[in-house]
Amino acid sequence: MIKVENVTKSFGKLEVLRGISTTVERGEVVAIIGPSGSGKSTFLRCLNLLEVPTGGTIVVDGVELTDPKTDITRIRQRIGMVFQHFHLFPHLTVMDNLIFAPTRVKGIAKAEARDKGMKLLERVGLADKADVYPSKLSGGQKQRVAIARCLMMDPDVVLFDEPTSALDPEMVKEVLAVIRDLAHSGLTMLIVTHEMKFAREAADTIYFLDGGVLLERSSPEAFFAKPQTERAARFLEQVL
Amino acid sequence: MDSLISRALVALACLCVLAGCLVVPGASTPSAAAAGKTITMGTSPDYPPYENIDAAAGGEIVGLDIDIALAIADKLGYELKIAPSDFDGLIAALQSERVDFVMSGMSVTEERKQSVDFSDIYYVASNMIVSLKDSGYDSLDDLAGKKVGVQLGSTQENVVSGIEKPDVLKLNKIPDLIQALKADRVDAVIVEDAVAAGYAGANEDLKIAAIPASDEGEGYAIAFPKGSELTEPFNKALQELKDDGTLQQMIDKWFGTESTAGTMGKGGGLHFERLEKYFGYILRGVYVTLLFTLVSAAFGFVWGAILSLFKLSKVAVLRGFSTVYTSIFRGTPLLLQLALIYYAVPQLTGYNIPPLLAAGLAFGLNSAAYLSETIRGGILAVDKGQREAALSLGIPYRTMMFSIIMPQAVKNILPALVNECVALVKESSLVSVIGVADLMRRATVVQANTFLAFEPLLVVGAIYYVLVLALTSVARLLERRMRRSD
């Protein structure tokens, strides 16, 4: 599904990613953890080219993203992303946020898109908010709308960039419940998160990044029971 | 990006066509030497009884010069079109062949002969000193060392040379001179006798004194572009009018009933009642001013938005272009840009750009330079997460810019946009210099017709103020609507 080979990324002199290689299978749920500044978010953002890698190749479904000839706009329609700060379009209602890309980019009829939008809003428990503006929603509600918006495009992969880090504690649960539900539905997902309990329960694979290197790649059971590196053990000690 | 630009250019073209379709009541569109047998005359219709706008009636331009021109055109088999403009723009209009000839109480001077050809003289006027009642200025000798006002570019500039050490104030318009006189900025004003009589008749605090006709006997003549083929036939026709007495009849007609304004009202004070029959004429200027503002604001906004995208573009050429563009249009006066576009376009391209289109273009181009910076700021102020969210949904750049980023940017900069519109409403008064009959122009016309210097300005000022108030409240409604998502 996703094949990453020796991806590097530098911002000026700062080397954020120092050669990451990995493969993600279809339907695999990956939790990416690690201390702050380890390059987790940068790695995730490289996967839909919001950050352009300095070196290496990324192939998604047989299409090489890092090839300059690739129509990245089309590829992005199949790679959804959910941000820490939601980034809903503030001038559009919840429903219009949902149907904007399908109608304007994919050319789906408005009525059809609205039907689908309603179903997704029901799925994230916000069917009654279709016609309100994002400013009227709580953080947790905003993030659930953002997830629904991303699902409207029927993505093959969804990237979650710290989806609960900007939320008040009591709202984390409702968002994690939605993501967990998605994880069970067979969607390929990569989730950068600080929620260790969630990572352990929902993920198929744990990536542990530190200093721009993918230090560990193992099952949650193995990782949380006995990390292979001393760096990961120290990290777990601090967060658990 | 290419189709974005081409689409924007189409929008621009539509705006230009719209501007071109604007019909200005009271002013005919100039088109020098147009196909068929029409002939275009340039004149500055603020000089009764030679030429002024019959504002109380239909807004036609009437006067002695017009009657003579009509008679000559009739004799030569032309249809006459009249293109009004400011007096000091007339020579430029001839040189750019915007008009075929000029009749505007223009006297023959050596200086003018350098740039244009003149017909024979059709009328010799003498000049008068206008001063305040108790001034005691009766001859040029009395004005030695005094401050004297004359119209810029007029023959009276030469008369002043007969005064010892004069301190000369030259203004564009005679009503302004009269106002300067009343405000004690000048001690006396020298104007032509018929005009002087008009003002003295309408203003009880003014007196007039004749200046004996001087040496060479300068007179008014018709001006043509250098080497024009019209000079000869015009002279012939003019001679016929002189010979059969028609010309004298016309002179009698206009100078016999010259006191158009009459003498009402006592002493000083304001005389708004004399403006009564002109209100309709002035109010029609609201339409012109608003239409003009709308067109130039829309054009300025669209073009400014494109320029702002250029400035944020990755392409160095586009960035460079818009930077240089902004710097030039912000770095030179708007009035100069307006004059350049109006006079240079016909000379360079042969396309006789109508005044309102020239003005819309100049103001739009100028306003775009300012707005491009404002819009750029507005775009940069939109959270970059908006851009990332749009990109990650696979929304193309153009759709993202127009439907996601721009609406938020515009909301951010709405107060600045309203400022720009308000400025445009008021700056639109500059178009009067190229003869567009906007509010300000109409005030000048009424000044000329009524011989009242001050009152028409007050009335028009009040109208501008009301327009701006109305615009501001519309903007407030709009802002409230845009803020409903907050």
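Keep in mind that this is a model prediction, so the values were computed, not measured. (Residues numbered from 1 in each chain as written. Chains lettered and ligands numbered in written order. Predicted model: local features only at pLDDT ≥ 70, side-chain atom pairs only at ≥ 80, totals over all residues. Heavy atoms only, no water.)

Participant: Looking at this structure, how should I read the side chain of B:Ser372?
Facilitator: Residue and element names in this part refer to chain B. Within the secondary structure layout, Ser 372 lies in helix H13 (residues 355-381). For Ser 372, a relative accessible area of 0% corresponds to the buried category. For Ser 372, the side chain forms a polar contact with the side chain of Lys 311, separated by 2.8 Å. A polar contact is formed between the side chain of Ser 372 and the backbone oxygen of Ala 369, at a distance of 2.9 Å. Ignoring anything within four residues of it in the chain, the contact list for Ser 372 reads Gly 304, Leu 307, Ser 308, Lys 311 and Thr 326. (Helix = DSSP H or I, 4+ residues; strand = E, 2+ residues; numbered from the N terminus. Buried < 20%, exposed > 50% of the residue type's maximum accessible area, 1.4 Å probe, protein only. Polar contact = N/O pair within 3.5 Å; in protein donor to acceptor, adjacent residues only side chain to side chain. Contact = heavy atoms within 4.5 Å.)

Participant: Would you mind going over helix H4 (residues 110-123) of chain A with me for this structure?
Facilitator: Each α-helix winds once per 3.6 residues, and so residues spaced three or four apart point in a common direction. Residues and elements named next belong to chain A. For H4, with 14 residues, the first-to-last C-alpha span of 20 Å sits near the 20 Å given by 1.5 Å per residue. All of the buried residues in H4 are Ala 113, Gly 117, Leu 120 and Leu 121. Each buried residue of H4 sits inside an arc of 100° when the element is viewed along its axis, so together they form one side. Pointing more than 90 degrees away from the buried face of H4 are the exposed residues Ala 111, Glu 112, Asp 115, Lys 119 and Glu 122. Those residues of H4 that are buried are in contact with helix H3 (94-104) and helix H5 (139-151). Positive backbone phi, approximately 75°, marks Gly 125, located one or two places after H4. (Expected span 1.5 Å × (residues − 1). Arc of directions from axis to C-beta.)

Participant: Explain the sheet that holds strand E12 (residues 206-210) of chain B to me, please; I cannot follow it from the model alone.
Facilitator: Two strands in a sheet stick together by hydrogen bonds in their backbones, pointing the same way (parallel) or opposite ways (antiparallel). Residues and elements named next belong to chain B. One open sheet holds the 5 strands; their spatial order is E10-E9-E11-E8-E12, and the pairing between them is mixed. Of all the strands in the sheet, just strand E10 (167-171) and E12 have a single pairing partner and so form its edges. Adjacent strand axes in the sheet meet at a mean angle of 30° when their direction is disregarded. As defined by bridge partners, strand E8 (residues 127-132) adjoins strand E11 (residues 188-192) across 5 bridges and the pair is classed as antiparallel. By the bridge assignment for E11, Met 128 is matched with Val 191. Here helix H7 (residues 193-202) sits on the sheet in contact with E8, E11 and E12, set at roughly 125° to E11. (Pairing = 2+ DSSP bridges. Axes fitted to C-alpha atoms, helices over the stretch in contact; angles between N-to-C directions.)

Participant: Help me understand the environment of B:Leu334, please; the structure alone is not making it clear to me.
Facilitator: Residues and elements named next belong to chain B. As for its position among the elements, Leu 334 is in helix H12 (residues 334-349). Residues Leu 334 and Phe 363, spaced 29 residues apart in sequence, show a C-alpha to C-alpha distance of 7.4 Å. Residue contacts for Leu 334: discarding those within four places in its chain leaves Ala 362, Phe 363, Asn 366, Glu 427 and Leu 430.

Participant: Would you explain the domain arrangement of chain B in this entry?
Facilitator: The extent of an interface is frequently quoted as the accessible surface area lost upon association of the parts. Residue and element names in this part refer to chain B. Segmenting chain B into domains produces domain 1 (2-22 + 278-485), domain 2 (38-123 + 219-260) and domain 3 (127-210). The C-alpha-based centres of domain 1 and domain 3 are spaced at 41 Å. Across the contact, 7 residues belong to domain 1 and 9 residues belong to domain 3. Here domain 1 and domain 3 share an interface that buries about 710 Å² over both sides, 66% of which is from carbon and sulfur atoms. In terms of surface lost to domain 3, no three residues of domain 1 exceed Gln 447, Phe 451 and Ala 453, which account for 66% of the buried area on that side. Put simply, domain 1 and domain 3 have 0 salt bridges between them. For the pair domain 1 and domain 3, the number of links is 0 residue pairs in polar contact (both at pLDDT 80 or more). Looking at the side of domain 1 that touches domain 3 residue by residue, the class counts come to 4 nonpolar, 3 polar and no charged. (Domains from an automatic or database assignment. Buried area = accessible area lost by both parts, 1.4 Å probe. Salt bridge = Lys/Arg side-chain N within 4 Å of Asp/Glu carboxyl O. Nonpolar A, V, L, I, M, F, W, Y, C, P; charged D, E, K, R; others polar.)

Participant: Which parts of the structure should I look at to understand the interface of chain B and chain A?
Facilitator: Across the contact, 20 residues belong to chain B and 24 residues belong to chain A. Taken together, chain B and chain A are joined by 1 salt bridge. Across the pair B:Glu388 and A:Arg45 runs a salt bridge whose closest N-O atoms are separated by 2.6 Å. Linking chain B with chain A are 5 residue pairs in polar contact (both at pLDDT 80 or more).

Participant: Would you explain the sheet that holds strand E4 (residues 55-60) of chain A in this entry?
Facilitator: Residue and element names in this part refer to chain A. An order of E2-E1-E4-E5 is seen for the 4 strands of this open sheet, with the pairing classed as antiparallel. Every interior strand has two partners, whereas the edge strands, strand E2 (14-24) and strand E5 (63-64), have only one. Bridge count between strand E1 (residues 2-11) and E4: 5 bridges; the pairing is antiparallel. Each bridged residue has a counterpart across the sheet, and for Ile 2 the counterpart in E4 is Val 60.

Participant: Help me understand the domain arrangement of chain A in this model?
Facilitator: All names here are of chain A. According to the domain assignment, chain A contains domain 1 (2-78 + 156-239) and domain 2 (88-154). Inter-centroid distance (C-alpha atoms) of domain 1 to domain 2 is 25 Å. Each partner contributes to the interface: domain 1 provides 15 residues, whereas domain 2 provides 15 residues. Contact between domain 1 and domain 2 buries roughly 1100 Å² in total, counting both sides, with carbon and sulfur atoms accounting for 68%. Of all residues in domain 1, Gln 77, Glu 174 and Val 178 bury the most surface against domain 2, accounting for 39% of the area lost on that side. Inspection of the domain 1/domain 2 interface yields 2 salt bridges. Note that Arg 123 is salt-bridged to Asp 181, the shortest N-O span being 3.4 Å. If you look at where domain 1 meets domain 2, you find 4 residue pairs in polar contact (both at pLDDT 80 or more). Among the secondary structure elements, those contributing two or more residues to the side of domain 1 that touches domain 2 are strand E7 (157-161) and helix H6 (169-184). Here the side of domain 1 that touches domain 2 takes 7 residues from H6, the largest share from any one element. Partitioning the side of domain 1 that touches domain 2 into residue classes produces 10 nonpolar, 2 polar and 3 charged.

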